[in-house]
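Examining the three-dimensional arrangement
What follows is the residue order along each chain.
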Amino acid sequence: MFENISLEVANHIGVLTINRPKQLNALNKLTIQEANSALKELATDQSVGVVIITGVGDKAFVAGADIKEFADFSIAEGGALAQQGQALLFDLVAHFPKPIIAAVNGFALGGGLELAMSAHIRIASSNAKMGLPEVSLGVIPGYGGTQRLAELVGKGKANELIFTAGMISADEAYRCGLVNSVVEQDELMDTAKKMASKILRNSPMAIRSAIKAVNAGYTSGVNGYEVEIEEFAKCFGTPEFKEGTTAFLEKRKANFRE
Ligand code: CAA
């Protein structure tokens, strides 16, 4: 069905794998379109509660936007590339109504790191290498990297990484808050799935509200505290709130998925 990605759903977890191993999973137009379609399917699939995004193989998560595809672009085409990419994939991931975990299994460079940074949580394998090398190509990050890297690691460290075009190790990425944890490569998917299982025990509706409230604080012109109040209020009166609070009072585990 898809050419450049694969999609599997099991145990309420959707795994979207970028699958262009010969190009180190670089994101060309088709890959972005296919990832967009797959994510829309996962958003409406009631059986799915968490999504994991990873790259095929043990070398690369995603080595960036496809340089061969944009090397001849004009100013207008460059603008459209960034705008369409952000709308179709990166913003879709960041505002996805279900948690998305990036399992970073190798190089995450340029658009690859930008994809990982749009996800809600990042787990890296110990061999992963991360960076935004765009200025070495005479361009800047265009899939949200200048904004999301500064949000995650602070402006000074983001500037250093962007201006030097350097790569950092998984351990350094952990130390500066770019990834949530680092594990050996053969444990990466299990670790991501274990975290997904923990998330799956909780109220999908409350998690959707939490995603909105956290994101609101990083959206210019939006008051995150007000969005938190609105989303908090919306939870009351929902069946999931009833189930969660009743289960606590009855000293049993809440069951949100039946
Ligand atoms: N786009 C297109 N093709 C890519 C690619 C990319 N981003 N990254 C790797 N490839 C291709 C290579 O061209 C090569 O293909 P061929 O065999 O046909 O020549 C194949 O993948 C394997 O790559 P290498 O031979 O280079 O592998 P390596 O182990 O020597 O190096 C690497 C690995 C350090 C990741 C290196 O491939 C590299 O530097 N890649 C480019 C990274 C980069 O600059 N990314 C940013 C892209 S720009 C961007 O993302 C803009 C944006 O924000 C919107």
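Owing to the predicted nature of the structure, the values given are computational and were not obtained by experimental measurement.

It is worth spelling out helix α8 (residues 188-200) at this point. With 13 residues, α8 should reach 18 Å at 1.5 Å per residue; the first-to-last C-alpha distance of 18 Å fits that figure. Residues of α8 that are buried: Leu188, Ala192, Ala196, Ile199 and Leu200. One side of α8 holds all its buried residues, which, seen down the axis, span an arc of 105°. Within α8, the exposed residues directed more than 90 degrees away from the buried face are Asp190, Lys194 and Lys198. The elements touched by buried residues of α8 are β2 (13-18), β3 (50-55), β5 (100-104), β7 (121-125), β10 (181-183) and α9 (204-216).

This brings us to the domain arrangement of the protein. One can read the domain layout of the protein as domain 1 (5-200) and domain 2 (204-249). Relative to domain 2, the C-alpha centre of domain 1 lies at a distance of 26 Å. Counting residues at the interface gives 9 residues for domain 1 and 5 residues for domain 2. In total, about 550 Å² of surface goes out of reach between domain 1 and domain 2, with carbon and sulfur atoms giving 67% of it. Considering only the side of domain 1, the residues that lose the most area to domain 2 are His95, Pro97 and Glu151, jointly responsible for 59% of the buried surface there. Inspection of the region where domain 1 meets domain 2 yields 0 salt bridges. Where domain 1 packs against domain 2, one counts 2 residue pairs in polar contact (both at pLDDT 80 or more). Residues of the side of domain 1 that touches domain 2, tallied by class, amount to 5 nonpolar, 2 polar and 2 charged.

This part is about a nonpolar patch on the surface. The grouping of Ile67, Leu137 and Val139 at the surface amounts to a nonpolar patch, some 240 Å² of accessible area in total. Along the polypeptide, Leu137 turns up in the loop between β8 (129-131) and α5 (145-153).

Here we come to unusual backbone geometry. Working note: non-glycine residues mostly have negative phi, and peptide bonds are mostly trans. Although it is not a glycine, Asn25 adopts a positive phi angle of roughly 65°. Relative to the helices and strands, Asn25 is located in the loop between β2 and α1 (29-44). Judged by its relative accessible area of 1%, Asn25 falls in the buried class. You will see that Lys251, though not glycine, has its phi angle at about 55°, which is positive. Here Lys251 shows up in the segment after α11 (239-249). We classify Lys251 as exposed; its relative accessible area is 79%.

Before going further, it helps to spend a moment on the nonpolar core. By size, the foremost hydrophobic cluster in this structure holds 44 residues, and its most contacted members are Leu39, Phe61, Leu89, Met130, Leu149 and Leu178. The element best represented in this core is α1, accounting for 5 residues. The contacts of Leu89, once residues within four sequence positions are left out, are Leu27, Ile32, Ala35, Leu39 and Leu115. Among the nonpolar cores identified, the runner-up in size contains 16 residues, and Val15, Ile52, Ala103 and Ile207 belong to it.

Quick notes on the rules
Residues numbered from 1 in each chain as written. Predicted model: local features only at pLDDT ≥ 70, side-chain atom pairs only at ≥ 80, totals over all residues. Heavy atoms only, no water. Helix = DSSP H or I, 4+ residues; strand = E, 2+ residues; numbered from the N terminus. Expected span 1.5 Å × (residues − 1). Buried < 20%, exposed > 50% of the residue type's maximum accessible area, 1.4 Å probe, protein only. Arc of directions from axis to C-beta. Contact = heavy atoms within 4.5 Å. Domains from an automatic or database assignment. Buried area = accessible area lost by both parts, 1.4 Å probe. Salt bridge = Lys/Arg side-chain N within 4 Å of Asp/Glu carboxyl O. Polar contact = N/O pair within 3.5 Å; in protein donor to acceptor, adjacent residues only side chain to side chain. Nonpolar A, V, L, I, M, F, W, Y, C, P; charged D, E, K, R; others polar. Patch = residues over 30% accessible without salt bridge, like charges linked within 9 Å, V, L, I, M, F, W, Y side chains within 5 Å. Areas by Shrake-Rupley, 256 points an atom, 1.4 Å probe, with all protein chains shown as cover. Core = buried A, V, L, I, M, F, W, Y, C linked by side-chain atoms within 4.5 Å.

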